[in-house]
Amino acid sequence: MFKFILGATCAVLGCFGLSPTDASAQQYPVKPIRILVGFSPGGGADVIARLVAQQLSGQLGQSVIVENRTGAAGAIATEAVAKAPADGYTLLLMVAADAIRPALRTDLRYSLQRDFAPVAVVANGSFLLAVHPSVPARDFKEFLALVRSQPGRLNYSSPGVGSVAHLVGELLSLRTKISITHIPYKGASDASLAVASGQVDLSFPTIVGALPFLKSGRLRPIALTGRERASLLPDLPTLHESGLTDFDRTAWYGVVAPAGVPPEIVQRLNGLIGKVVNSAEVKQSLHNQGLDVRTATSGEFAAFIGKELAQNQALIKAANVKID
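Residues numbered from 1 in each chain as written. Predicted model: local features only at pLDDT ≥ 70, side-chain atom pairs only at ≥ 80, totals over all residues. Heavy atoms only, no water.

(A) Molecular detail of the overall build of the protein. Counting its regular elements, the protein contains 13 helices and eleven strands. Principal axes of the C-alpha set define a box for the protein whose edges measure 85 × 40 × 30 Å. Each of the 324 residues in the protein was classed as buried or not, and the buried ones make up 50%. A sequence separation of at least 24 residues applies to 76% of the contacts in the protein between residues at least 6 apart. Carbon and sulfur atoms make up 54% of the accessible area of the protein, which amounts to about 14900 Å² in all. Side chains of the protein give 30 positive and 24 negative charges; the mean places of these two sets differ by 2 Å. (Helix = DSSP H or I, 4+ residues; strand = E, 2+ residues; numbered from the N terminus. Buried < 20%, exposed > 50% of the residue type's maximum accessible area, 1.4 Å probe, protein only. Contact = heavy atoms within 4.5 Å. Areas by Shrake-Rupley, 256 points an atom, 1.4 Å probe, with all protein chains shown as cover. Lys, Arg positive; Asp, Glu negative; His and termini not counted. Charge placed at Lys NZ, Arg CZ, Asp CG, Glu CD.)

(B) Examining the confidence of the model for the protein more closely. Averaged over all residues, the pLDDT of the protein equals 92, while 92% of them reach at least 70. Overall, residues 1-16 carries pLDDT values under 50, and its contacts beyond four positions in sequence, including any with other chains, amount to five contacts. (pLDDT = per-residue confidence, 0-100.)

(C) Here's a closer look at the layout of surface pockets. Space inside the largest pocket adds up to approximately 1200 Å³. Looking at the largest pocket, it is lined by 46 residues, and the ones nearest its centre are F39, P159, S163, V164 and A188. Split by residue class, the lining of the largest pocket holds 26 nonpolar, 17 polar and three charged. Taken as a whole, the second largest pocket holds about 740 Å³ of empty space. (1 Å grid on protein atoms, 1.4 Å probe; cavity = no way out; pocket = protein on both sides within 12 Å on 5 of 7 lines; lining within 4 Å. Points joined across faces, edges and corners; volume = space filled by probe spheres on them. Nonpolar A, V, L, I, M, F, W, Y, C, P; charged D, E, K, R; others polar.)

(D) Quick peek at the side chain of T238. Along the chain, the position of T238 falls in the loop between β9 (220-224) and β10 (250-258). Residue T238 is classed as buried on the basis of its relative accessible area, which comes to 1%. Here T238 is in contact with A223, L224, G226, R227, E228 and R229, once residues within four sequence places are set aside.

(E) Spotlight on unusual backbone geometry. Across the junction of Y28 and P29, the peptide omega takes the value 0°, indicating a cis bond. Examined against the element boundaries, P29 turns out to sit in the loop between α2 (20-27) and β1 (33-37). The backbone of A73 sits at a positive phi, close to 55°, despite the residue not being glycine. Mapped onto the fold, A73 is located in the loop between β2 (64-68) and α4 (75-82). The backbone of D246 shows a phi angle near 65°, a positive value even though the residue is not glycine. Within the element layout of this structure, D246 appears in the loop between β9 and β10. A relative accessible area of 52% means that D246 is categorised as exposed.

Here is the structure:
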């Protein structure tokens, strides 16, 4: 009886030119969707995932649940999604650090380009080149002149070796041929507090992380590290504008699925996520986080990930960055 029903179902699908996979994609979703986040609740990635999940749930008519899988600097969640069924019900909120990790670790049990289907870009946010007020520089030209006059004397904090902010510092050093000493801390808050308290000279905090210190005068902003100005600090120039042509390093966020997810599902999610992040509510929430909405096709997102991987590999090799 079961074989007959299955055969009849396949035959009917065939009459309409649909495979079982096509039919499943058209019915998607028929159960809750999970978005895995590799970091703790309350952090930037978690906040963004929950914003997207809440709005996407309304668009799809199904629950979209955020699940935090912390550990290994985000790699546990990334690996879990790589090994999940390719049915569109398990997604990952991918972050910029995901494209750094393969250049630092040889023990990863997944490949970003082999094991994932890029779905949609969500947002990105620039870092700041910010100095303690005791540093006698008010723009990038003065900053460069100061560092070059005292090679190796100035130091900068970051959330840790191999972090996005650390690589911003390494890229700045390589591009300008300056010498600044890296001092890693245990997290972004500690790194920002270190420069705000005068323990170190400068740092590359996120905009939202730096705002309290900017408002209190404990940090002085010099320039943005992204290619474009930030909506939250529209008057602050970028490094690109300040003479460091094409300098572009940001914290970015996107959604990916396991490789093999039907293209129809990928395209549907891409369109709906684009609609969600461009809604007034989500756009304002991202703005409040110091982020700007970014959208792209799944193919463009795939090309962007490939470019990030190649650039990080080259940068880490050139700067001889190693983790313990």
